Each structure stands twice: as structure tokens, then as C-alpha cells.
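# Tertiary structure, described
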Amino acid sequence: MKKSFSNNVAINVAFDETDSFKVMGRGELQLAILIEMMRREGYELSVGMPETITRTIDDVLHEPMELLVIDVPEEYTGVVTQQVGMRKGKMQKMQNNGFRQGTA
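Sequence order sets the numbering: in each chain, residues are counted from 1 along the sequence as written. Where local features are concerned, this predicted model is filtered to residues with pLDDT of at least 70; where side-chain atom pairs are given and counted, the filter is 80 or more; whole-chain, interface and lining totals use all residues. Calculation of side-chain values draws on the structure's entire complement of heavy atoms; hydrogens and water are dropped beforehand.

## A look at the pairing of strand E1 (residues 12–15)
One requirement defines pairing of two strands: DSSP has to find at least two bridges between them. In this description a helix means any DSSP run of H or I spanning at least four residues, a strand means any run of E spanning at least two, and both kinds are numbered starting from the N terminus. Bridging between E1 and strand E2 (residues 21–24) involves four bridges; their strand directions are antiparallel. Directly across from Val-13, in E2, lies its bridge partner Val-23. Connecting E1 to the next strand, E2, in antiparallel fashion are five residues.

See the structure below:
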């Protein structure tokens, strides 16, 4: 298992003295893939809720941030913005690109 973690540079693992370990990756999808792969290999595991990794630099708390561009038909714009808002996303710009097409 340690070998598979060392092959994937986007995953960082902190092993404890007990039989538990902390896995840090780039998002829920990557961690879900890892969990499913381990389940298929026969590992028994329990998983806690994911937590955002923060860093304090010069007494200021920093969180990871990503830029998201979504092109959707106009009728789905409300649903998409609601889903992104549930994940603490902030809309910076919204534009209509023509025939029933918008970018959020």
C-alpha cells in the first residue's frame, strides 16, 4: 500500500503508530477513487468526513482556492450556481454567450 501512495505524487499520507493513517489529496473525487481502489483490493476501512487543509502564513489563515469556469445552457444556470454556492463558491462574473448559453 505504501508503494501505491509513493507512485501518486498528488496524495500525501501520514502514518501513525496505530493502524490508522491520514490521507491528504486534491479533492473529494481523488479520495473517492483511492477509497474505491482500496475497497476492491480487499481492505476494510472506515472513512471520516474530509477536512480542508489550511495554512497560517504571517498570522493570516489561508485556504486552498481554485478557479472554476462552467458553460451551461441558460435553464440550468440557477441549479449550477446553487450547487457551487453550497461549496462556498463565489461567482465573480456571469455572462450570456448567445443563444441560450451562459457562462458562470
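## Remarks on a nonpolar patch on the surface
A cluster of nonpolar residues, Tyr-43, Leu-45 and Val-47, forms a patch on the protein surface that exposes about 250 Å² of accessible area. Along the chain, Val-47 falls in the loop between helix H2 (28–40) and strand E3 (55–57). Type-normalised accessible area, obtained with a 1.4 Å probe on protein chains alone, sets the label of each residue: buried when under 20%, exposed when over 50%, and partly exposed for intermediate values. Owing to a relative accessible area of 54%, Val-47 belongs among the exposed residues under this scheme. A patch consists of residues exposed above 30% relative accessible area that lack any salt bridge, with like charges linked at up to 9 Å and nonpolar side chains (Val, Leu, Ile, Met, Phe, Trp, Tyr) linked at up to 5 Å. Areas reported here follow the Shrake-Rupley algorithm with a probe of radius 1.4 Å; residue values treat only the protein chains shown as occluding. Should a side-chain nitrogen of Lys or Arg be within 4 Å of a carboxyl oxygen of Asp or Glu, the pair is scored as a salt bridge.

## Structural notes on the side chain of Thr-77
Secondary-structure assignment places Thr-77 in helix H3 (residues 77–86). For Thr-77, a relative accessible area of 11% puts it in the buried group. A distance of 3.0 Å separates a polar side-chain atom of Thr-77 from the backbone oxygen of Glu-74. We define a polar contact as two N or O atoms separated by no more than 3.5 Å, with the added condition that, inside protein, one atom must be a possible hydrogen donor and the other a possible acceptor, whereas residues neighbouring each other in sequence contribute only through side-chain atom pairs.

## Concerning the pattern of salt bridges
Here the structure, examined in full by the defined rule, presents three salt bridges. Between Glu-36 and Arg-39 there is a salt bridge, with its nearest N and O atoms 2.5 Å apart. With Glu-36 and Arg-39 both in helix H2, this residue pair falls three residues apart, about one helical turn. For the salt bridge of Glu-36 with Arg-40, the shortest nitrogen-to-oxygen distance reads 3.1 Å. Of the two residues, Glu-36 and Arg-40 both sit in helix H2, four residues apart, roughly one turn of that helix. Taking relative accessible area as the criterion, Glu-36 reaches 28% and is therefore assigned partly exposed.

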